[in-house]
Amino acid sequence: MRDLNGPTLPRRSRRTAALLTTGAAVTATLLGVSSVPANAAPTAASAGRNARTAAAPDISVANVKAHLAQLQSIANANGGNRAHGRSGYKASIDYVKGKLDAAGFTTTVQQFTSNGTTGYNLIADWPGGDAGHVVFAGAHLDSVSRGAGINDNGSGSAGILEVALTVAKQGYKPDKHLRFAWWGAEELGLVGSQNYVRQLPATERSKIDAYLNFDMIGSPNPGYFVYDDDPQLEGVFKDYFAGKNIPTEIETEGDGRSDHAPFKNAGVRVGGLFSGADYTKSASQAAKWGGTAGQPFDRCYHASCDTTANINDTALDNNSDAIAHAIWTLSGGSTTPPGGGKVFESTSALDIPDAGAAVESPVTVGGVTGNAPSALKVGVDIRHSYRGDLVVDLVGPSGKTYRLKDASSNDSAADVVATYTVNASGESADGTWKLRVQDVAAQDTGRINGWKLTF
């Protein structure tokens, strides 16, 4: 992320950040439940049939760290940095491009000039998907000249690289087109991303449904910050972290200071994640996230000590998984569930009464041996004009309730289209599972469009 010096881009207005208090498993049962049978029988899909909407896979943090180790080695071999115009940056581009080419991506290197030297953006497109609807993830690959830049921004670069490689490993078939980018000369003022957006015809810009930016996702004293530029994209990330019982806050430190800014200024919807730079962690933030109050989120920000020793593995893992969740959720594609998994789903629509009793949509699971997994995937497609009114639970065969989403007056977006991960290992897999939804406030309407379980 670039330093705050010289002219800065306008800061966007802020609403008060709300602490997410969603639990991973809540046993209390809502009152006033009406059980409504599905109009059509749920369908079971084995590994031989594609799921209607694929659940995001777990991203290997070991693989992400292996990419960081390679970037550190590149810096070590090239004067200690990977900065624009230096040999270490070009070697970083070559490393990422080689991985993507081998995985089957179509890659393009875009050149530009800044400070009298040649810079490079790397763009990677995954074949297939509707080219008129693009889901785009990016991260800057350059470091400052003072160090290797492993958190800033090797972390974001490595995270989206491993997500892209996992797309290939999974044989993912997105409904929308997937594009990834590694930007150059961000540290000199967002030069690479500005160059890309400036050269992109308006017709092509209009095809980008979302640009997601990941600049510093492994800070050693981390926070969990979500961009609030677009309510729907913000909701995708907040839903993911709520499912892991991780509170989030609205990102403010990086306003106008990273590569989402040129896209936003061009009218593209943007979102993203950030784990903190040189701002100081407060006592309340340390209480909910751990770490050390009174210290920067990254004490090595833009310093020579930003090496592989400057990474928090847990934050890197959580944020990499959140990137995958967003890519899979927003692109809406399908894949064969790995490991012989089975998918059970209901495609029957069910109206949700306005400020009324909870409704339940059932799915019957059969033929699965033993208990449900500790990482049961619950894919939810709820269309609603004000998602903040909704309380969403999964009810297991035993009657135990797992809270997926709480109501919140600060959650002003529409729709809940997300995949939650639930530890349901205490439940027998076979039996009737229910998605329970209640609208707790008046003046908004919606329906359960469908939902599924992936074992």
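Refer to the preceding data block for the structure.
Structure report, in brief. (Residues numbered from 1 in each chain as written. Predicted model: local features only at pLDDT ≥ 70, side-chain atom pairs only at ≥ 80, totals over all residues. Heavy atoms only, no water.)

## Observations regarding unusual backbone geometry
Between D152 and the following residue, N153, the backbone shows a cis peptide bond with an omega angle of 0°. Among the structural elements, N153 can be located in helix α3 (residues 150-170). Here the phi dihedral of M216 falls at roughly 75°; this positive angle occurs in a residue that is not glycine. Of note, M216 is situated in the loop between β7 (208-214) and β8 (225-226). Overall, the relative accessible area of 0% leaves M216 in the buried class. Even without glycine at this site, H302 takes up a positive phi of about 60°. Of note, H302 is situated in the loop between α8 (283-289) and α9 (313-331). With a relative accessible area of 7%, H302 lands in the buried category. (Helix = DSSP H or I, 4+ residues; strand = E, 2+ residues; numbered from the N terminus. Buried < 20%, exposed > 50% of the residue type's maximum accessible area, 1.4 Å probe, protein only.)

## Observations regarding the state of the cysteines
Following the criterion strictly, the structure yields one disulfide and no others. C300 shares a disulfide with C305; S-S distance 2.1 Å. Measuring handedness by torsion sign, the sulfur bridge of C300 and C305 sits at about -115° and is left-handed. (Disulfide = S-S within 2.5 Å.)

## Some remarks on helix α2 (residues 87-103)
Helix length check: α2, at 17 residues, gives a terminal C-alpha distance of 25 Å against a target of 24 Å (1.5 Å per residue), a fit within 8%. Taken together, the buried positions of α2 are occupied by G88, Y89, S92, I93, Y95, V96 and L100. The buried residues of α2 occupy an angular sector of 160° when the element is viewed end-on, so they sit on one face. Those residues of α2 hidden inside the fold are in contact with α1 (61-76), β3 (106-114), β4 (117-126), α3 and β6 (176-183). Positive phi shows up at G104, right after α2, with a value of about 105°. (Expected span 1.5 Å × (residues − 1). Arc of directions from axis to C-beta. Contact = heavy atoms within 4.5 Å.)

## Overview of the packing of aromatic side chains
The full count for this structure, using the stated rule, is 22 aromatic pairs. Taken together, a centroid distance of 6.1 Å and an interplanar angle of 40° make the contact between F136 and W183 tilted. Taken together, the positions of F136 in strand β5 (residues 130-140) and W183 in strand β6 put the pair 47 residues apart, joining distant regions of the chain. Residue classification places W183 among the buried positions, given a relative accessible area of 0%. For the pair Y240 and F241, a centre-to-centre distance of 5.2 Å together with 75° between the ring planes defines the contact as edge-to-face. Of the two residues, Y240 and F241, both sit in the buried class. These aromatic residues form a ring-pair network of at least three members: Y224, F225, Y240, F241, F274, W289 and F297. Its guanidinium or amino end placed over the ring of Y120, K90 lies 5.6 Å from that ring's centre, counting from NZ or CZ. (Phe/Tyr/Trp six-rings, centres within 6.5 Å; stacked < 30°, edge-to-face > 60°. Lys NZ or Arg CZ within 6 Å of the ring centre and 35° of its normal.)

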